[in-house]
Amino acid sequence: MGNRVAREDYEWVYTDQPHADRRKEILAKYPEIKSLMGPDPRLKWIVCMMVVIQFLAFYLVKDLDWKWVLFWTYAFGSCINHSMTLAIHEISHNTAFGNNKAMWNRYFAMFANLPIGLPYSASFKRYHLDHHRYLGGDGVDVDIPTDFEGWFFCTPFRKFIWIILQPLFYAIRPLCINPKPITQLEVTNVAVQLTFNILLYWLWGGKPVVYMMAGSLLGMGLHPISGHFIAEHYMFLKGHETYSYYGSLNLLTFNVGYHNEHHDFPSIPGCRLPMVKKIAAEYYDDLPQYSSWVKVLYDFIMEETLSPYSRVKRKLKGDVKQE
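One structure accompanies this document, and this report is about it. (Residues numbered from 1 in each chain as written. Predicted model: local features only at pLDDT ≥ 70, side-chain atom pairs only at ≥ 80, totals over all residues. Heavy atoms only, no water.)

**Considering the layout of surface pockets**
The following threshold applies: Definitions used throughout: a 1 Å grid over protein atoms alone; a cavity as a set of points that fits a 1.4 Å probe which cannot get out; a pocket as an open set with protein on both sides within 12 Å along at least five of seven lines; a lining residue as one with an atom within 4 Å of a point. Grid points are joined across faces, edges and corners, and a volume is the space filled by probe spheres set on the points. Secondary structure counts use DSSP, requiring at least four H or I residues in a row for a helix and at least two E residues in a row for a strand, with both numbered from the N terminus. Side-chain classes follow a simple rule in which Ala, Val, Leu, Ile, Met, Phe, Trp, Tyr, Cys and Pro form the nonpolar group, Asp, Glu, Lys and Arg form the charged group, and the remainder, Gly included, forms the polar group.
The computed volume of the largest pocket comes to approximately 1100 Å³. Of all the secondary-structure elements, those providing two or more residues to the lining of the largest pocket are α3 (66-92), α5 (121-133), α8 (166-177), α9 (184-204), α11 (227-233) and α12 (259-264). Ranked by residue count, the leading element in the lining of the largest pocket is α5, at seven residues. Taken together, the residues of the lining of the largest pocket break down into 22 nonpolar, eleven polar and six charged. Roughly 510 Å³ of volume is contained in the second largest pocket. Around the second largest pocket, the lining is made up of 22 residues, and of these Q17, H132, R133, Y134 and L135 lie nearest the centre. When residues of the lining of the second largest pocket are traced back to their parent elements, those giving at least two are α1 (19-29) and α5. No other element matches α1, which puts four residues into the lining of the second largest pocket.

**Notes on empty space enclosed by the protein**
According to the stated counting rule, one finds three cavities of 30 Å³ or more in the structure shown. What lines the largest cavity is I88, I91, S92, R106, A109, M110, S121, A122 and K125. Among the secondary structure elements, those contributing two or more residues to the lining of the largest cavity are α3, α4 (102-113) and α5. Taken together, the residues of the lining of the largest cavity break down into five nonpolar, two polar and two charged.

In structure tokens form, the structure reads like this:
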């Protein structure tokens, strides 16, 4: 468990990301895919249902023994909260109300943020669009781990700890790689979330707050669903920087596993990405794909050639226009 991994740097490339060219080629061959773009009318109702479920859970855990609070936090709350972060991911692409009602999407994302406990929806949107536009871009894409992460988390045990601490690194990484001025929306997001957290504690005590906060941290750390963090872009095979997963956990994650399809067509909501794969099957069937996010986590920890450095990175050319 103490062997160091072989990688000592990122996989630097001097080509553009593959998704723009593939999107152009697919649309030229299958123009009907354009009809899949646009909002998902079911998304807002699904999100509202999930928020109500968590509100009910807050009420139910308030009188439980602590051992049962912690059990349900990991067994149930972490799944719902991680799923809610992926609902916010969907909303960040304006798939709840469409591009013509962009601010409706921003405020709805704050509503979806409530049962997560950590105010992040407004900041996530800003950085996530950069991730799509400048995939692997040095100094811009904050999905790429820092040099410290790549250097330090270089043994199986340290990589295990790194996965547990993923929520922490996702929170502080933007401040290290690409800090941005705070916007009014981010201030509003923090104010709304803190007000909600205080009201929850005032109404039902500390157990629902622990259930909420710990569920978010556990769900984005060592958890089967969090395998998608590693599966999406870590270079398990040389030359491939985006990978898809077509397993059953997509039912809980708004089809985020269809990740090649998502980066090719970010304006298509998750519920329609399987249709993209079906229509343009010859473009996706032969790409590397995963069948288990749990196995992705295990392989990442145990395989000596893999580490946080296992990411494709590129120097950006020309003007960089960030969100």
